[in-house]
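# Secondary and tertiary structure notes
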Amino acid sequence: VAAVPGSILPQRPLNPDKTNSYIAAHGGWGRFLDHLGMYDVFGSVWFAAIYLLLFVSLVGCLIPRIRLHARAMIRKPLPAPRNLDRLPQSGEFEVAEAAEAYANAARQSLGRRWRVTRRVEDSGALTLSAEKGYSRESGNLLFHVALLAGLVLIAIGQLYKYQGSVIVTQGDGFCNVVPSYDSWKPGRLVANGKANLAPFCIDRLDSFTADYTASGEPSEFTADVTYQRNIKAPEQKTAITVNHPLRLEGD
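Quick look at the structure, then. (Residues numbered from 1 in each chain as written. Predicted model: local features only at pLDDT ≥ 70, side-chain atom pairs only at ≥ 80, totals over all residues. Heavy atoms only, no water.)

## Some remarks on the state of the cysteines
If you walk through the whole model with that rule in mind, you get one disulfide. Residue cysteine 175 pairs covalently with cysteine 201 via a disulfide, S to S 2.0 Å. Handedness of the cysteine 175-cysteine 201 disulfide follows from its S-S torsion of about 105°: it is right-handed. Linking cysteine 175 in strand E4 (residues 174-175) with cysteine 201 in strand E6 (residues 201-212), this pair joins segments that are 26 residues apart in sequence. On the accessibility criterion, cysteine 175 (31% relative accessible area) is partly exposed. (Disulfide = S-S within 2.5 Å. Helix = DSSP H or I, 4+ residues; strand = E, 2+ residues; numbered from the N terminus. Buried < 20%, exposed > 50% of the residue type's maximum accessible area, 1.4 Å probe, protein only.)

If you want it as structure tokens, here you go:
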């Protein structure tokens, strides 16, 4: 729910001009939302607090559950009760065969999905104890551990990421250094606003073509570029299209 305003309202990190226009068009209401941090939802203090509380809640929930589940997995099924008639469902009958034969038959009937423990009581009685249902809790814990790992990785990515934007006209290029970018947005923990940038260069934007819908929205683009993986590397050519970026050294 807290993330919904980030999808409805213009966000300053993505489009500062549109955000300023929205504030100017809505007067006091626009300025009030700006004071609440609604135009930078994912970078606001209150959203970070929600994120942190969710993280703490998950950790506080998972640690006791994992501990209890591990103990239950290691522990053998509990001994069979001495007074079966006290159970809500029980039955009693006499047979002529040896107890060993019926114990083996019962074990085969239960199959592999059940954890079965066989015991010989002090009275000489042969008992079987069986239980199942641990895979459900294991899957539940695995899902929440994966969710927790996802939150941690997203947080680390936001803290250490950097983003640069530069307008390149056909025939020109740029190198991956901070002064080359028109706008530079480092993560909060990137030292001095600078990162160890991969030493690649887009030597030339050889050609750029784009298709638009009837309403003027871009539907497809292709950028043919000549690039170098580092200063001493030979030139290479590739095409950058929607959802197919050029990836160099993790960038």
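Past the structure itself, the notes keep going.
## Quick word on helix H3 (residues 45-74)
Taking 1.5 Å per residue, 30 residues should reach 44 Å; H3 reaches 43 Å between its end C-alpha atoms and fits that length. The set of residues buried in H3 consists of Phe47, Leu58, Leu62, His69 and Ala72. Summarising the contacts, the buried residues of H3 are in contact with strand E1 (115-120) and helix H5 (134-160). (Expected span 1.5 Å × (residues − 1). Contact = heavy atoms within 4.5 Å.)

## Observations regarding the environment of aspartate 211
As for its placement among the helices and strands, aspartate 211 is situated in strand E6. Leaving out residues up to four positions away in the same chain, aspartate 211 has contacts with Glu217, Pro218, Ser219 and Glu220.

## Structural notes on the packing of aromatic side chains
Scanning the model with the defined rule gives eight aromatic pairs in all. Centre to centre, the rings of phenylalanine 208 and phenylalanine 221 are 6.1 Å apart; their planes meet at 20°, and the pair counts as stacked. With phenylalanine 208 in strand E6 and phenylalanine 221 in strand E7 (residues 218-228), this residue pair connects regions lying 13 residues apart in the sequence. What makes phenylalanine 208 partly exposed here is its relative accessible area of 42%. In this structure an aromatic cluster arises from ring pairing among Tyr162, Phe174, Tyr181 and Trp184. (Phe/Tyr/Trp six-rings, centres within 6.5 Å; stacked < 30°, edge-to-face > 60°.)

## Some words on the pattern of salt bridges
Taken as a whole, this structure holds seven salt bridges when the rule is applied. Note that arginine 12 and aspartate 34 form a salt bridge whose closest N and O atoms lie 3.3 Å from each other. Highlighted residues: arginine 12 in the loop between helix H1 (4-8) and helix H2 (16-35) and aspartate 34 in helix H2, separated in sequence by 22 residues. (Salt bridge = Lys/Arg side-chain N within 4 Å of Asp/Glu carboxyl O.)

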